[in-house]
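Structural overview
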Amino acid sequence: MPPRRLRLAVALAFGLSLGTACKGRSSVAPEPGAAQVAMGSWQEWLTLTPLVEAARSHAGPTTVAALEQASKLLQSGKARSADEVLAPLADSDGRHWITVARADLAAIYFTTCIRGVAWRLVDLDAKTPPTRKSDYSENTKLGPGDIAVEAMLTNLDAALTAKEPILQTQARIARARATAYVSRCPASKDVADMAQGILKGDLAALAAENHLTPDLAFLWAGVQMGEYSGAAAKPFLLLAREGGYDEPTIATMLAVIALEQREFAAADKHAAEAEAVYKKLGDVPQQAQALFIRGEVARNKGDLKAARGFYEAARKIDGAHLPSLFGLVRMTLAAEGQSAAIRLLQSAFPTILLEGPLVADKLEAALDNLEAYVTLPQENDLITVCRDALLADVELEKDLMRRGLRYFFAATMDARLAEYDHARSHAVLARDEFEAAKLPPPIDINAFIERLDRVQ
């Protein structure tokens, strides 16, 4: 098991916090009624227009001319050509403006992140948005036009020392955009952690100064939602939307926030909007999530029939969507009892645990599914029924690896219920199954058992 999963299993088993220990109050959320205006619209940023306008009164004519030419090329989707116009001025008197423009351009338009050390730009037509991918293959060679990530960030740091406040703001915007992607496609874990810290600091500074762009407002909303509350995130989501940032996740997040605030009509409206968008995009998991939220809205309103309909609709398009499965399990547990709930869970195991030998990518997918299976239940009665479903008829499971996983994840749920003797017994059974399978175990069972022994 990768270290992340082992940490998760141990944290779940022994009641450790998996997120922020205590959510506080946002220090930079706007005061009620405070005017929040995005720094340019997203459509304008796609051609770097706000940056060009700022440079016209603060940069030299050669720099401005290059920025204007690059902006025109971006109108046609020619990102690589635009960067080639700017690159010759990298060491000129206007280098800081050029650095900012190249970083903005790269962050908005790169198509491939190569091992976290370089970003690749290509020329597209105006109607074709860039698609992102990460390439960590050692066989992929860097090209002469690829953007060196470390050099880009170093140059941005230099631009932030400029005396002109407007240039400092533009440099911070560009660095926030760049570090957002560096943290997602890093050269190493240390780089990812550093990028994440810089990103949060830059976003906080821009939010405090009311200098967030639409895309950065969306990122800051995510930070607010994760570390503070949905109420703190909402103004920034609206700021992003009003600025033309068309990320469909905004509707989903607004639906979740409205549900938290018991604004059911708004929650269902936002979730329905998200469902329609994701259906059009062909994003089945996110469409299922939107349907699940609509189910949660109906359940909270007391309309159990409608809730069941939404949960079932989500599972019909995505059989592995566990939140919807657990929504149905809760309702079944309340209406028909534990045995019926266990049967419902068992009927989903072929999707959760997959079928056929658990090796390579299939093993990784099964581990991901089981991780969600043990993470999502919060109520003791739901944890219990999920644990019991893993153990029910486990001896009939022919695949030894799959049987071992069922025992181990049942053990983590035992520990969550403070049933440590059972947890140890099931962990030992899991270890025996992995040994019998004669395959490298995906989990460090001994570390888990040692932790159990310390708490007993």
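Residues numbered from 1 in each chain as written. Predicted model: local features only at pLDDT ≥ 70, side-chain atom pairs only at ≥ 80, totals over all residues. Heavy atoms only, no water.

Another aspect to go through is the packing of helix α4 (residues 61-75) against helix α5 (residues 79-86). The relative placement of two packed helices comes down to the angle between their axes together with the axis-to-axis distance. Here α4 crosses α5 at 175°, and the two axes come no closer than 8 Å. Classified by the angle their axes make, α4 and α5 are roughly antiparallel. Across the interface between the two elements, Ala 66, Leu 67, Gln 69, Ala 70, Leu 73 and Leu 74 from α4 touch Ala 79, Ser 81, Ala 82, Val 85 and Leu 86 from α5. (Axes fitted to C-alpha atoms, helices over the stretch in contact; angles between N-to-C directions. Helix = DSSP H or I, 4+ residues; strand = E, 2+ residues; numbered from the N terminus. Parallel < 35°, antiparallel > 145°, perpendicular 65-115°, else oblique. Contact = heavy atoms within 4.5 Å.)

Moving on, we get to the state of the cysteines. With the rule as written, the count across this model stands at one disulfide. Residue Cys 113 pairs covalently with Cys 185 via a disulfide, S to S 2.1 Å. Given an S-S torsion of about -90°, the disulfide between Cys 113 and Cys 185 has left-handed geometry. Here Cys 185 lies in the loop between α8 (165-182) and α9 (189-208) and Cys 113 lies in strand β1 (residues 112-114), a separation of 72 residues in the sequence. The same class applies to Cys 113 and to Cys 185, which are both buried. (Disulfide = S-S within 2.5 Å. Buried < 20%, exposed > 50% of the residue type's maximum accessible area, 1.4 Å probe, protein only.)

This brings us to the side chain of Asp 318. Here Asp 318 lies in the loop between α15 (304-317) and α16 (322-336). With residues up to four places along the chain from it excluded, the contact list for Asp 318 reads Val 284, Pro 285 and Ala 288.

Right, let's talk about the sheet that holds strand β3 (residues 133-135) for a bit. Pairing in this open sheet of four strands is mixed, and the strands run β3-β1-β2-β4 from one edge to the other. Of all the strands in the sheet, just β3 and β4 (147-148) have a single pairing partner and so form its edges. (Pairing = 2+ DSSP bridges.)

Another point: the packing of helix α19 (residues 380-391) against helix α20 (residues 400-416). Contact geometry for α19 and α20: axes closest at 9 Å, N-to-C directions at 155°. On the basis of their axis angle, the class for α19 and α20 is roughly antiparallel. Here the hand of the crossing between α19 and α20 comes out left-handed. Within the contact between the two elements, α19 uses Ile 383, Cys 386, Arg 387, Ala 389, Leu 390 and Leu 391 and α20 uses Arg 406, Tyr 407, Phe 409, Ala 410, Met 413, Asp 414 and Arg 416. Split into classes, the residues belonging to the contact of α19 with α20 amount to nine nonpolar, no polar and four charged. (Left-handed = near helix turned anticlockwise from the far one by under 90°. Nonpolar A, V, L, I, M, F, W, Y, C, P; charged D, E, K, R; others polar.)

On to the pattern of salt bridges. Evaluation of the coordinates by the stated rule reveals 26 salt bridges. For the salt bridge of Lys 200 with Glu 227, the shortest nitrogen-to-oxygen distance reads 2.4 Å. In this pair, Lys 200 sits in helix α9 while Glu 227 sits in helix α10 (residues 214-227), placing the two residues 27 residues apart along the sequence. A residue is classified by how much of its surface remains accessible, and Lys 200, at 28% relative accessible area, is partly exposed. Judged by its relative accessible area of 25%, Glu 227 is partly exposed. (Salt bridge = Lys/Arg side-chain N within 4 Å of Asp/Glu carboxyl O.)

A few words on the side chain of His 321. Within the secondary structure, His 321 is located in the loop between α15 and α16. One polar contact links His 321 to Ser 324, side chain to side chain, over a distance of 2.9 Å. His 321 has contacts with Pro 285, Ala 288, Gln 289, Phe 292, Ala 314 and Arg 315, leaving out every residue within four places of it along the chain. (Polar contact = N/O pair within 3.5 Å; in protein donor to acceptor, adjacent residues only side chain to side chain.)

What follows is about the nonpolar core. Among the nonpolar cores identified, the biggest contains 74 residues, and Trp 119, Met 152, Leu 203 and Leu 212 are the most heavily contacted of them. Sort the elements by how many residues they give to this core and helix α6 (residues 95-109) lands first, with ten residues. If near-sequence neighbours (up to four positions away) are discounted, Trp 119 is found in contact with Ala 106, Ala 107, Phe 110, Thr 112, Cys 113, Asp 146, Ile 147, Val 149, Met 152, Ala 178, Tyr 181 and Val 182. The next biggest cluster of nonpolar side chains, apart from the first, holds 59 residues, and it includes Leu 291, Phe 310, Ala 314 and Leu 452. (Core = buried A, V, L, I, M, F, W, Y, C linked by side-chain atoms within 4.5 Å.)

None of the figures reported here should be taken as evidence of function without further support.
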